[in-house]
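Here's the letter readout for the chains.
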Amino acid sequence: MLICIQVTALCNTCYVVLLELIKTNMIELGFGGWMADFGEYLPVDGVQYYNGHPTRDMHNLYPLLWAKVNREAIEEAGKLGDVVFWTRSGFTGSSKYTTLQWAGDQNVDFSYADGMASTITAALSSGMVGIGLTHFDIGGYTGFSASFLSLRRTKELLLRSAEMSVFTPVMRTHEGNTPSNNWQVYSSNETLDAFARLVKTHSSLSAYTSQVMEEVTSLGLPAQRPLFFHYPDDQETYKIKYQYMYGSELLVAPVYLDGVSEWDVYLPSDQWTHVWTNQNYTGPGFIKVNAPVGHIPAFHRRQSEWTLYFKLVFSEIKEI
């Protein structure tokens, strides 16, 4: 697929051929979705394109065309809403076509620059430029193993990443580029049980997630929002990079460092309830909460119309 798509910038005929290939070889075979990978590697010089566009312009335009051909194939097949594809590259206008974005190939670690923490800022940045539905590879993707150095996914990273994905529109696992070196969902029965509990939580939140996604599609609001999105008068919220509002009613503070069981959380000026303990807090200010693996710091607005729903969901989860 990558080889085929790389010629679409050269001629309209190739674009049509690729569109038909997607319809015939994927949609008609029953594919419900796929990763429309890459799209960002087009050369910026030394190439002449059929449409005559400068190479630097085409380098940016190409990800938009990549999303567009996938979208149009789905639309022509009458499957929009039934089939989803997700892209990692993009440019101005891509949000018109891509049905879902993902954060690319994070390292299988807790590093700020390209580990778990980077998926938070990626989601918030994407949301603020119009790409409202994003997700990430649970546990990251990129690892390696050499005699002198290795990068391997741990059980803790996998579950910390998974617990964050509960408070996003999409949970999707990935074994990574070196599966045998990474801790997987199936690596132990304990991990399977812990992951099943998180999937249950995500599923139980489906009614709320549906409302959040309705806001994305009808109002253009991102699913994951910086705190200042809803609390613009609180100057401290502009400094908070690694927390987010999931919709307007849930505040999430992912644990993105290893080896910790407590976490500092900033609560804006509002009334908040910790979802796991039902303890009430009043913002603004920083608090410290217990955060064992599987219990990501998350709070709902106490006056939310979803309060009873949240209490029911999380009380049931605690009993699993």
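Whatever comes next refers back to the structure up there.
Residue positions are given per chain, counted from 1 along the sequence in the order it is written. Predicted model: local features are reported for residues with pLDDT of at least 70 only, side-chain atom pairs are reported and counted for 80 or more only, and whole-chain, interface and lining totals are derived from all residues. By convention in this description, side-chain values take in all heavy atoms of the structure and omit both hydrogens and water.

**Student:** I keep staring at the overall build of the protein and nothing clicks. Help me out?
**Tutor:** Per the convention used, a helix needs a DSSP run of H or I reaching at least four residues, while a strand needs a run of E reaching at least two, with both numbered from the N terminus. Looking only at helices and strands, the protein features 9 helices and 14 strands. In this setup the radius of gyration rests on C-alpha atoms only. A globule is expected at 2.2 Å times the number of residues raised to 0.38. In terms of overall dimensions, the protein is globule-like: its C-alpha atoms have a radius of gyration of 21 Å, near the 20 Å expected for 320 residues. When the backbone C-alpha atoms are referred to their principal axes, the protein occupies close to 60 × 50 × 40 Å. Relative accessibility thresholds used throughout: buried, under 20% of the residue-type maximum; exposed, over 50%; partly exposed, between the two (1.4 Å probe, protein chains only). Residues classed as buried in the protein amount to 50% of the 320 residues present. Here the analysis covers contacts within the protein between residues at least 6 apart in sequence; of these, 65% occur between residues at least 24 apart. Here, two residues are considered to be in contact whenever any of their heavy atoms come within 4.5 Å of each other.

**Student:** Looking at this model, I keep getting lost on helix 7 (residues 206-219). Mind explaining?
**Tutor:** Residues lying three or four places apart along an α-helix face the same way, a consequence of the helix completing one turn every 3.6 residues. Over its 14 residues, helix 7 extends 19 Å from the first C-alpha to the last, a length consistent with the 20 Å expected when each residue adds 1.5 Å. When we look at burial in helix 7, the residues that qualify are Y208, T209, V212, E215 and V216. Seen along its axis, helix 7 keeps its buried residues to an arc of 115 degrees; they face one direction. Looking at the buried side of helix 7, the elements it contacts are strand 7 (224-225), strand 8 (244-246), strand 9 (250-252) and helix 9 (307-318). To estimate how far a helix should extend, the number of its residues minus one is multiplied by 1.5 Å. Working definition: the arc comes from the directions between the helix axis and the C-beta atoms, pointing outward to the latter.

**Student:** How should I be thinking about unusual backbone geometry in this particular structure?
**Tutor:** Negative phi is the rule for most residues except glycine; trans is the rule for most peptide bonds. The amide bond that connects G283 to the next residue, P284, takes the cis arrangement and shows omega of 10 degrees. Within the secondary structure layout, P284 lies in the loop between strand 12 (280-282) and strand 13 (285-290). A positive phi angle, close to 60 degrees, is found at F38, a residue other than glycine. Relative to the elements of secondary structure, F38 occurs in the loop between strand 1 (33-36) and helix 3 (55-76).

**Student:** Just checking my understanding: could you explain the pairing of strand 2 (residues 84-87) for this structure?
**Tutor:** The side chains of a regular strand alternate, residue by residue, between the two faces of the sheet. If DSSP finds at least two bridges between two strands, the strands pair. Sheet topology note: the strand 1/strand 2 ladder contains 4 bridges and is parallel. Bridge assignment links A36 to a residue of strand 2, and that residue is T87. The definition of a right-handed crossover adopted here requires that, viewed with the strands pointing away, the path from the first strand over the helix to the second runs clockwise. For the handedness criterion, the β-α-β arrangement of strand 1, helix 3 and strand 2 is classed as right-handed. As paired elements, strand 2 and strand 3 (residues 100-102) share 2 bridges and run parallel to each other. By the bridge assignment, T87 is partnered in strand 3 with Q101.

**Student:** Looking at this structure, I do not really get the packing of aromatic side chains. What am I missing?
**Tutor:** The geometry of two aromatic rings is summed up by the distance between their centres and the angle between their planes. Aromatic pairs are defined between Phe, Tyr and Trp rings, using the six-membered ring for Trp, whenever the two ring centres lie within 6.5 Å; interplanar angles under 30 degrees are classed as stacked, those over 60 as edge-to-face, and all others as tilted. Following the criterion strictly, the structure yields 17 aromatic pairs and no others. Residues Y281 and F299 carry aromatic rings whose centres are separated by 5.9 Å and whose planes lie at 80 degrees to one another, so their mutual orientation is edge-to-face. Residue Y281 is found in strand 12, and its partner F299 is found in strand 14 (residues 298-301); the two are separated by 18 residues along the sequence. As far as burial versus exposure is concerned, Y281 and F299 are alike and both buried.

**Student:** Would you mind showing me how to read the sheet that holds strand 1 here?
**Tutor:** Think of a sheet as strands paired side by side through backbone hydrogen bonds, with each pair either parallel or antiparallel. Strand order in this open sheet of 4 strands is 1-2-3-4, and the pairing throughout is parallel. Where the open sheet ends on each side, the last strands, each with one partner, are strand 1 and strand 4 (134-135). Here 2 bridges tie strand 3 to strand 4, and the two strands are oriented parallel to one another. Counterpart to Q101 in the pairing with strand 4 is T134. On the sheet, helix 3 packs against strand 1 and strand 2 and is oriented at approximately 180 degrees with respect to strand 2. With axes taken as lines fitted to C-alpha atoms, and helix axes fitted only over the stretch in contact, angles between N-to-C directions fall between 0 and 180 degrees.

**Student:** Can you walk me through the side chain of S248 in this structure?
**Tutor:** Position of S248 among the secondary structure elements: in the loop between strand 8 and strand 9. At 2.6 Å, the side chain of S248 and the side chain of E249 are in polar contact. N or O atoms within 3.5 Å of each other form a polar contact, as long as, within protein, one can give a hydrogen and the other can take it, and as long as residues adjacent in sequence are counted only when both atoms are side-chain atoms.

**Student:** Quick question: what am I supposed to make of the packing of helix 5 (residues 155-165) against helix 6 (residues 189-204) here?
**Tutor:** The packing of two helices is summarised by the inter-axis angle and the distance between the axes. The contact between helix 5 and helix 6 brings their axes to 9 Å, and the two run at 10 degrees. If you check the angle between helix 5 and helix 6, you find them roughly parallel. When helix 5 is examined against helix 6, the residues K155, L158, L159, A162, E163 and S165 are found in contact with a partner set consisting of E190, T191, A194, F195, L198 and H202. All amino acids are sorted into three groups, where Ala, Val, Leu, Ile, Met, Phe, Trp, Tyr, Cys and Pro are nonpolar, Asp, Glu, Lys and Arg are charged, and the leftover types, Gly among them, are polar. Considered class by class, the residues forming the contact of helix 5 with helix 6 number 6 nonpolar, 3 polar and 3 charged. Orientation labels follow simple angle bins: below 35 degrees gives roughly parallel, above 145 gives roughly antiparallel, 65 to 115 gives roughly perpendicular, and whatever is left gives oblique.

**Student:** I keep staring at the sheet that holds strand 7 and nothing clicks. Help me out?
**Tutor:** Here we have 6 strands laid out as an open sheet, ordered 7-8-9-14-11-12, and antiparallel in their pairing. The sheet is open, and its two edges are formed by strand 7 and strand 12, each paired on a single side. As judged from the 3 bridges shared by strand 8 and strand 9, these two strands associate in the antiparallel manner. Following the sheet pairing, Y246 is matched in strand 9 by L250.

**Student:** Just to check I follow, could you spell out the packing of helix 2 (residues 12-27) against helix 3 for this structure?
**Tutor:** Taken N-terminus to C-terminus, the directions of helix 2 and helix 3 make an angle of 55 degrees; their axes are 9 Å apart at the nearest point. Between helix 2 and helix 3, the interaxial angle falls into the category oblique. The handedness of the crossing between helix 2 and helix 3 comes out as right-handed. Of helix 3, the residues touching helix 2 (which contributes Y15, L18, L19, E20, I22, K23 and I27) are L65, W66, K68, V69, N70, E72, A73, I74 and E76. Residue composition of the contact of helix 2 with helix 3, by class: 10 nonpolar, 1 polar and 5 charged. Crossings are sorted by hand: turned counterclockwise from the far helix by less than a right angle, the near helix makes the crossing left-handed, and turned clockwise it makes it right-handed.

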